[in-house]
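# A structural walkthrough
So the chains spell out like this:
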Amino acid sequence: MSRGWLALPLLALLPTAVAAKDAPAIAEPMVFDLVRPLGARRGELEVNALAQRDLSGAHRTVEWAPEIEYAFADNLAVELELPFENRSVTDYKLGLQGTFGLFDRGRGIHGVQYLGLWNRVERRYQSSLLYVVGHRHGPRTSTLTMVGVGDVGAGGAETRALLINHTSFYDIAAASTAGVEVNMRIGRDRSTLVMPQLQQGLTARIQIQAGIGAQRGTGSAWRPRAGVRLVQQL
């Protein structure tokens, strides 16, 4: 089976267009962000960069990744990302995203996100496919959840991880949102990250997201971890 099978839902399941004014306002997680917010409009363009680092333990590498996101059609977006460790590029990453539509009288929205990753060290391609659902629960509260399969090798026989990411948001003010993001990878190598975070709009087009949380992997203790993402809408 070719690696392209994971991208098929993007073509087969796309719904009628979601008008931008109808899409519920839901923030993006800081660590596992979307290609674009669901319901993206054609022409939306963003650049951003995420940096993370453990605050204790032997692994103090700065992991950071600049990326560019573009909605090439209504409800369809693409992302190109370059993950780094310190000064070395570790991977080449491609993201594709489609929005299915609205539900619950416009309070909910759902779609799909495909991620393809070429690892320069191991020289192999891996894919992930996630179902994405967001819901506006009230004037200040919302959630975004992603569930899917990850680390699928090019031959389709290396399904090794269940990916779960859930973030609960609370709108403090018009330009300020607090959230708690929980990211889990369940498979051969397990990991859990809990990242409380604050998202603050600096201008109409510039936003900063920052958080301090904790992460643990297979056989390891919880370790504090910090992250920051700078976002520029173009």
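Please refer to the structure placed before this passage.
Just so you know, these numbers come straight off a predicted model, no measurement behind them.

## Considering the overall build of the chain
Scanning the chain from terminus to terminus reveals one helix and 14 strands. With 234 residues in all, the chain has 44% of them scored as buried. Put simply, 48% of the contacts in the chain that link residues at least 6 apart link residues at least 24 apart. Split by element, the accessible area of the chain, about 11600 Å² in all, is 61% carbon and sulfur.

## Some points on the packing of aromatic side chains
Overall, the coordinates contain two aromatic pairs when judged by the stated rule. Centre to centre, the rings of W64 and F84 are 4.2 Å apart; their planes meet at 15°, and the pair counts as stacked. Of this pair, W64 sits in strand β2 (residues 63–73) while F84 sits in strand β4 (residues 84–85), and the two are 20 residues apart along the sequence.

## Points about unusual backbone geometry
One non-glycine residue, N75, adopts positive backbone phi at about 70°. In this structure, N86 is a non-glycine residue whose phi angle is positive, near 55°. For N86, the position within the fold is in the loop between β4 and β5 (88–89).

## Some thoughts on the pairing of strand β6 (residues 91–103)
Across six bridges, strand β3 (residues 76–81) lies against β6 in antiparallel orientation. Bridging across to β6, V78 finds its partner in L96. Two elements, β6 and strand β7 (residues 108–119), share 12 bridges in a ladder whose sense is antiparallel. Looking across to β7, one finds that F103 is bridged to G108.

## Some words on the pairing of strand β8 (residues 124–136)
When a strand is regular, its side chains alternate between the sheet's two faces. Within β8, 10 of the 13 residues are buried, leaving the element largely enclosed by the surrounding structure. Pairing geometry for β7 and β8, over 12 bridges, is antiparallel. Residue pairing in the sheet places L115 in a bridge with S128 of β8. Hairpin geometry of β7 and β8 is characterised by an intervening segment of four residues between the two adjacent antiparallel strands and by a positive phi of about 55° at R123. In this sheet, strand β9 (residues 141–153) lies alongside β8 in antiparallel orientation, the contact comprising 10 bridges. Looking at the pairing, Q126 lines up with G153 of β9. As consecutive antiparallel partners, β8 and β9 are separated by four residues.

## Quick notes on the nonpolar core
Counting residues in each nonpolar core, the largest one holds 15 residues, and the members touching the most others are L130, V132, L144 and M146. Elements supplying a minimum of two residues to this core: β7, β8, β9 and β10 (161–173). Tallying contributions element by element places β10 first for this core, with three residues. With near-sequence residues (within four places) excluded, V132 lies in contact with L34, L38, I109, H110, G111, V112, Q113, L144, T145 and M146.

## Things to note about the pattern of salt bridges
Taken as a whole and judged by the stated rule, the model has 12 salt bridges. With a shortest N-O distance of 3.1 Å, D74 and R41 are connected by a salt bridge. Taken together, the residues span a long stretch of sequence, with D74 in the loop between β2 and β3 and R41 in the loop between α1 (8–12) and β1 (45–54) at a distance of 33 residues. We classify D74 as partly exposed; its relative accessible area is 36%. With a shortest N-O distance of 2.9 Å, E122 and R124 are connected by a salt bridge. The network of salt bridges with shared partners includes R36, E44, E46 and E69.

Analysis parameters
Residues numbered from 1 in each chain as written. Predicted model: local features only at pLDDT ≥ 70, side-chain atom pairs only at ≥ 80, totals over all residues. Heavy atoms only, no water. Helix = DSSP H or I, 4+ residues; strand = E, 2+ residues; numbered from the N terminus. Buried < 20%, exposed > 50% of the residue type's maximum accessible area, 1.4 Å probe, protein only. Contact = heavy atoms within 4.5 Å. Areas by Shrake-Rupley, 256 points an atom, 1.4 Å probe, with all protein chains shown as cover. Phe/Tyr/Trp six-rings, centres within 6.5 Å; stacked < 30°, edge-to-face > 60°. Pairing = 2+ DSSP bridges. Core = buried A, V, L, I, M, F, W, Y, C linked by side-chain atoms within 4.5 Å. Salt bridge = Lys/Arg side-chain N within 4 Å of Asp/Glu carboxyl O.

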